[in-house]
Each structure stands twice: as structure tokens, then as C-alpha cells.
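# A structural walkthrough
Next come the chains, spelled out residue by residue.
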Amino acid sequence: MTVFTCILLGFLIICAVAASLSRNLLNTILIFMSYSLVMSVIWILLESPDLAITEAAVGAGVTTVLFLVTLKKIHAIMKEDQDE
Amino acid sequence: MSRKVPQEEYEKTVSYRLKRWLEGTKDPFLNTVEMRPQKEFEEDEQTVRAREKDRKRNAEKVYDLERNAEIRIFRKVYRVFSVLFCVFLVMMLLTAVSWLPAVGEADRPVNNEVSKRYIENGLQETGAVNIVTGMILDYRAFDTLGESHVLFVATCTVLILLRLDGKKDPERFDANDRLHEPKNDVILQTVAKILVPPIFIFGIYIILAGHLGPGGGFSGGAVIGAGLILYLNAFGFAKTERFFTAKTYRRTSFCALACYSLCKSYSFFTGANHIESVIPLGKPGAILSSGLILILNICVGIVVAGTMYTFYVMFRKGEY
């Protein structure tokens, strides 16, 4: 169990660094979403399923969707289509 | 309608004016304050030329990085000071952490009688099998009330910032941002058809079983809100507005917050005055148990679900 937790914690750190270093905003949001998902698994391992449900619904679900809508509003996603 | 006072006399009274003012039919500034219609800002050619000259001069003198010594010095100093500030902050926080009591020490401030009491007497005093819910919605219900109001205020702020007033114009790009997307996506609709009912039922289960197992109002409400967003994405605004509009949100969240406040003020009043509460705690483990916690969970769930959905609609469209 501890090995699994360590792998997840390392993944968390990698995600946090990658999210801040990524140049593409869409990639940043997806990395952020995976961060939340891993975090919710860690909450379950820490025996707090209440927080795990909330983290999965709010962090991985609603926040990501709001970020994506904002990106679409500022036309950050449609950039690649225009290049073609 | 029979009135003791005729209409003309009634219109002169203070109560009539108060009524009109409350209903908003009378503008208090009309005919008392001089009002000018707003003019659209127009600039003539001279100011445009002057502005462009200004901009050109700025670009040549200020932003010319090779010849502007001030900016070069400022950038170097800025870099040095930012690093120094970060180091200072890290040192300060590390020093603060090193002064904290060690983990597992017996005289830590965490090891006081409060947590002991929550664990030992929580089930008898709140009737909730899930101690966390018992703490959040019974011992510390005042905090949760504040949290719900924070959510409500956040929604109000989003409404103020993102809401588009004015006539509905279907041709505008913002109002109908699905114009350039495939409508009626078959994959999305099929998935939504299968997934949305279980998501709703799971959310309702989390809310209703909040005092029996993991879950509670906030997480259940967030799950229901996510389900609503999925449904909206699959089937569009026309279908969701049949059952969820701005009016629905206003009324449900107002009722939920008012119900929460009333229930909790009753329990605070009886608790602070050592009066016996008439609400039975019930048998622990039953769905209808633990007093007010079930009602409070439902209220929080309604507020959170509406808030999540409203956030999304405001970001997408700016109006209901």
C-alpha cells in the first residue's frame, strides 16, 4: 500500500510541475484534471471518502469544465484550426 | 375590490408611495435629478493622430530595450529582488514550521478534549453514524451555514460580472456559441441518456445517506450539478430551460438557505438556552434519524447543485 501511495504522490508532484511548465493551456487543464483525480484516489487511501467524492466531482469535474469553457471563450482552443 | 378610500385620495398617501417604491414602479430619480442620455464615444481625427503619435513615441523611447538604461537596470534589480524575496519567504515559513510541536506529542494543541468528545459522544449527541457529518452539520453547523452563503455570494458575483443584460439576440455569437459546433452529437447524446439518470440518483443517494456513510450535501450537490452540466452539453439550452431556469435557481436556493437558517437558529436557540429540542434523534442507522442533519444536507445539496449549474451557464452564455 505504501508503494502505491508513494507512486501516486510522485505523480502528484510531476503533475504540479508539468502544469506550471506546460506551454499549451489545454494541456495544462488536462494535467490539472489528472492531478485532481490522483488526489481523490489519495484521499481514499487516507481514509476520507467524503473528501474523495468532493474532489472528484468539483476538482476533476466542474472546475475543468469551467476552465475549458473559458478557454473556448477566449479562443485559445480554436487556434490550431486556424493554422491549417 | 372594495376600498374605504377612493383611488385619488389613496394615491396621495405615504403608503401608496411606499408601495410603488417597493414594487419599483416609481423611479425615485425621475423628475428629481437631471438625467442626460448617454452618448456613444466618438473621437475625431485629431485625437486619433495625437494618440498614435504618443504610442509611437512610447514605443521608440520607453520600450526600446537596448538603449533604455532604466528598464535594463530595473529588470536586473527586479530579478535579484524576486529571488531574495522568495528565499526570505521560504526561510520564514520553514522557521515557523520548525517551531510547531512535533507530530504525536502528547501536549499538542490538537490533542484536546474536543476531538475525544466528538469521537466518544458524537453518535449519542447527533445521532449520525458518520462522525464527520455529525461534526460538520451539528457541532459546527454555523461554519457550514457560512459556507453555503459564501457559495451563494460567489454565484451573485458571477451573475454580476458575466450576465449580459438586454434583448435576446439569437444572431449574436456569444449567445449561441453552438453555432459552429456539430449539434445533436449522437455519441454524446447516447452517453448522456445512459449516464445522466444514474448520476442524478447517485447524487441524491449521497445527499440522503450523508449521515449514514461517506458523503453529504456538498459532494452530492456537486455530483448533481455535474450531471446537469452533462445533460446541458448533450441536449442544449432549450431542453434544460424547461425545468431549470434562473427563476428556479433563485427560488430553490432562497428556500434552501432560509430553511437552513431557520432550522439551525431553532437548534442554536434551544441549545444555548438548555431547552429540550422536540426533534427526535431517531435510531442511529435509520434513514430518518439524527434530527436536523438530513434536512440540512438536502438544503446544502440544493444550493450547491444550483450554484454549479449556474456557474456553467453564466460562463457559457451569460444569461439564462
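Residues numbered from 1 in each chain as written. Chains lettered and ligands numbered in written order. Predicted model: local features only at pLDDT ≥ 70, side-chain atom pairs only at ≥ 80, totals over all residues.

This part is about the overall build of chain A. Counting its secondary structure elements, chain A contains four helices and zero strands. When the helices and strands of chain A are listed from N to C terminus, the series reads α-α-α-α. For chain A, the proportion of its 84 residues judged to be buried stands at 21%. (Helix = DSSP H or I, 4+ residues; strand = E, 2+ residues; numbered from the N terminus. Buried ≥ 20, exposed ≤ 12 C-beta atoms within 10 Å, placed from the backbone.)

Looking only at helices and strands, one finds 12 helices and zero strands in chain B. Reading chain B from its N terminus to its C terminus gives the helix and strand order α-α-α-α-α-α-α-α-α-α-α-α. Here the analysis covers contacts within chain B between residues at least 6 apart in sequence; of these, 73% occur between residues at least 24 apart. (Contact = placed C-beta atoms within 7 Å.)

Our focus in this paragraph is the nonpolar core. One recurring pattern in soluble globular proteins: nonpolar side chains tend to sit buried together. Core analysis: the biggest nonpolar cluster contains 52 residues, and A222(B) and M308(B) have the highest contact counts within it. Elements that contribute at least two residues to this core include exactly α2 (25-45) and α3 (49-73) of chain A together with α6 (131-139), α7 (141-162), α8 (186-208), α9 (217-235), α11 (246-272) and α12 (293-316) of chain B. Broken down by element, the residue count for this core peaks at 16 residues, all from α12(B). When neighbours within four sequence positions are excluded, A222(B) is seen to be in contact with T54(A), A57(A), V58(A), V62(A), V304(B) and M308(B). (Core = buried A, V, L, I, M, F, W, Y, C linked by C-beta atoms within 7 Å.)

What follows concerns the interface of chain B and chain A. Taken together, the contact between chain B and chain A spans 17 residues of the former and 12 residues of the latter. Looking at the side of chain B that touches chain A, the elements that each hand over two or more residues are α9 and α12 of chain B. Here the side of chain B that touches chain A is composed, by residue class, of 12 nonpolar, four polar and one charged. (Nonpolar A, V, L, I, M, F, W, Y, C, P; charged D, E, K, R; others polar.)

Residues and elements named next belong to chain B. Between α6 and α12, whose axes approach to 10 Å, the crossing angle comes to 85°. By the angle between their directions, the pair α6 and α12 is classed as roughly perpendicular. Contact residues: T133, L137 and D138 in α6; I293, L296 and N297 in α12. Considered class by class, the residues forming the contact of α6 with α12 number three nonpolar, two polar and one charged. (Axes fitted to C-alpha atoms, helices over the stretch in contact; angles between N-to-C directions. Parallel < 35°, antiparallel > 145°, perpendicular 65-115°, else oblique.)

With that settled, consider the confidence of the model for chain B. Residues and elements named next belong to chain B. In the predicted model, chain B carries a mean pLDDT of 81, and 91% of its residues have values of at least 70. No element of chain B has a lower mean pLDDT than helix α5 (residues 113-126), at 79, and none a higher one than helix α4 (residues 69-98), at 92. Across the predicted assembly, pTM comes out at 0.70 and ipTM at 0.82. (pLDDT = per-residue confidence, 0-100.)

Residue and element names in this part refer to chain B. Relative to the assigned elements, K317 resides in the segment after α12. Judged by local crowding, K317 falls into the partly exposed class, with 19 C-beta atoms found within 10 Å. Sequence separation between K317 and L164 is 153 residues, and the spatial gap between their C-alpha atoms is 8.3 Å.

Turning to the packing of α3(A) against α9(B), a few remarks are in order. Where α3(A) meets α9(B), the axes come as close as 9 Å, and the angle between the chain directions of the two elements is 30°. With respect to α9(B), the element α3(A) is oriented roughly parallel. For the crossing formed where α3(A) meets α9(B), the hand is left-handed. Listed contacts from α9(B) to D50(A), I53(A), T54(A), A57(A), V58(A), G61(A), V62(A) and V65(A) of α3(A) are F218(B), S219(B), A222(B), V223(B), G225(B), A226(B) and I229(B). Grouping the constituent residues of the contact of α3(A) with α9(B) by class yields 10 nonpolar, four polar and one charged. (Left-handed = near helix turned anticlockwise from the far one by under 90°.)

The subject of this paragraph is α7(B). Since there are 3.6 residues in each turn of an α-helix, residues three or four apart along the chain are aligned in direction. Residue and element names in this part refer to chain B. Here α7 contains 22 residues, and its C-alpha end-to-end distance of 31 Å stays within 8% of the 32 Å for a straight helix at 1.5 Å per residue. All buried positions along α7 are accounted for by A141, T144, L145, S148, L151 and T155. End-on view of α7: buried residues confined to an arc of 120°, all on one side of the axis. Exposed positions of α7 whose direction lies more than 90 degrees from the buried face are F142, D143, G146, V150, V153, C156, T157, I160 and L161. Where α7 is buried, its residues meet α6, α11 and α12. (Expected span 1.5 Å × (residues − 1). Arc of directions from axis to C-beta.)

So, on to unusual backbone geometry. Residue and element names in this part refer to chain A. A positive phi angle, near 65°, is found at E47, a position not held by glycine. Assignment of secondary structure puts E47 in the loop between α2 and α3. According to the C-beta neighbour criterion, E47 is exposed, with 9 such atoms within 10 Å.

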